[in-house]
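Residue-level structure breakdown
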Amino acid sequence: IGSTLAEKWAAAGHKITFGVRDQAHFKGEKLLGVAGIAVSGIMEAVAQSEIVLVATPAIVAVEVAQRLGDTKGKVIIDTMNIVGGRGPQGYSSTAHALQEHTSGEVIKAFNSTGFNNIKSTTYGSVNLDMFMAGNSIRGKEIVRQLAIEAGFANCYDIGDDSKFEMLEQFANFWINLAVS
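Residues numbered from 1 in each chain as written. Predicted model: local features only at pLDDT ≥ 70, side-chain atom pairs only at ≥ 80, totals over all residues. Heavy atoms only, no water.

**Considering the overall build of the protein**
- A count of helices and strands for the protein gives seven helices and nine strands.
- Here the protein has a C-alpha radius of gyration of 15 Å; the compact-globule value for 180 residues is 16 Å, and the two agree.
- The principal-axis extent of the C-alpha atoms belonging to the protein is close to 40 × 35 × 35 Å.
- Of all 180 residues assigned to the protein, the portion counted as buried reaches 46%.
- Within the protein, counting contacts between residues at least 6 apart in sequence, those at least 24 apart form 67% of the total.
- Counting only carbon and sulfur atoms, one obtains 54% of the accessible surface of the protein, whose full area is about 9300 Å². (Helix = DSSP H or I, 4+ residues; strand = E, 2+ residues; numbered from the N terminus. Rg over C-alpha atoms; globule rule 2.2 N^0.38 Å. Buried < 20%, exposed > 50% of the residue type's maximum accessible area, 1.4 Å probe, protein only. Contact = heavy atoms within 4.5 Å. Areas by Shrake-Rupley, 256 points an atom, 1.4 Å probe, with all protein chains shown as cover.)

**Quick notes on the packing of helix α4 (residues 94-101) against helix α7 (residues 164-179)**
- Relative orientation of the contacting elements α4 and α7 amounts to 140°, with a least axis distance of 8 Å. Taken together, the axes of α4 and α7 are oblique relative to one another. When α4 is examined against α7, the residues T94, A95, H96 and Q99 are found in contact with a partner set consisting of F164, E165 and E168. (Axes fitted to C-alpha atoms, helices over the stretch in contact; angles between N-to-C directions. Parallel < 35°, antiparallel > 145°, perpendicular 65-115°, else oblique.)

**Section: the nonpolar core**
- Counting residues in each nonpolar core, the largest one holds 25 residues, and the members touching the most others are F18, F110 and V143.
- Elements represented by at least two residues in this core include exactly α1 (2-11), β1 (16-20), β2 (37-41), β4 (75-78), β5 (105-109), β8 (130-133) and α6 (137-149).
- In terms of residue count, the dominant contributor to this core is α1 (four residues).
- Membership of the second largest hydrophobic core comes to 21 residues, among which are A61, V62, A65 and I82. (Core = buried A, V, L, I, M, F, W, Y, C linked by side-chain atoms within 4.5 Å.)

**Looking at α7**
- Here α7 is 16 residues long and its end C-alpha atoms lie 23 Å apart, about the 22 Å a rise of 1.5 Å per residue gives.
- Among the residues of α7, F164, E165, L167, E168 and A171 are the ones counted as buried. Each buried residue of α7 sits inside an arc of 160° when the element is viewed along its axis, so together they form one side. Looking at α7, the residues exposed on the side facing more than 90 degrees away from the buried face are Q169 and L177.
- In the core, the buried residues of α7 are packed alongside α4, β5 and β8. (Expected span 1.5 Å × (residues − 1). Arc of directions from axis to C-beta.)

**Focus: a nonpolar patch on the surface**
- A surface patch of nonpolar side chains, about 310 Å² in accessible area, is lined by F170, F173 and L177.
- One can find L177 in helix α7.
- We classify L177 as exposed; its relative accessible area is 52%. (Patch = residues over 30% accessible without salt bridge, like charges linked within 9 Å, V, L, I, M, F, W, Y side chains within 5 Å. Salt bridge = Lys/Arg side-chain N within 4 Å of Asp/Glu carboxyl O.)

**Quick look at the pairing of β2**
- Most of β2 sits out of view: four of its five residues are buried.
- Bridging between β1 and β2 involves five bridges; their strand directions are parallel. Its bridge partner lying in β2, T17 is registered against A38. (Pairing = 2+ DSSP bridges.)

**What to know about unusual backbone geometry**
- At F110, a residue that is not glycine, the phi angle is positive and equals roughly 60°.
- Examined against the element boundaries, F110 turns out to sit in the loop between β5 and α5 (115-119).

**Quick look at the pattern of salt bridges**
- Evaluation of the coordinates by the stated rule reveals six salt bridges.
- Across the pair E63 and R67 runs a salt bridge, and its minimum N-O distance is 3.2 Å. Of this pair, E63 and R67 both sit in helix α3 (residues 61-67), four residues apart, which is roughly one turn of that helix.
- Classification of R67 by relative accessible area gives partly exposed; the value is 36%.
- Among the salt bridges present, the one from K108 reaches D78, with a minimum N-O distance of 2.6 Å. Of this pair, K108 sits in strand β5 while D78 sits in strand β4, and the two are 30 residues apart along the sequence.

In structure tokens:
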């Protein structure tokens, strides 16, 4: 999800910095040749960014949140899903875990479909839609614009923070359809 969105957003003119624990073993090394994409340490990437996309396995959501550093005033986009009970212990949504361990404005989005649909958002002559949830109006405006720049027809607001779990359930529904 993260690398696919990074390529699309870099093509739209955004500067993308991957924050990683070990830069020498960055899995997205092929992306470093793409204009506008760089890699640095996690806290350094967050410090120089206005928007932070978290695209890691859900089980490490709390650990990742604790490594972000100062997130005050930043929009944090949560793309993770708890699947098969594999998520941060004590949380029903990864977005709630991010909220509890950061000071940013958390928006859940880009979690309701697979990377293949993010990579190619067009089916025939129709572009897919995206969905988001969260309390931050500013964050939702940013996410909507980023979704459109990634090729989605629109990014629909399904509600406030209380809808985080619903958006994860929607993702699990899609996963079931895609796998079954």
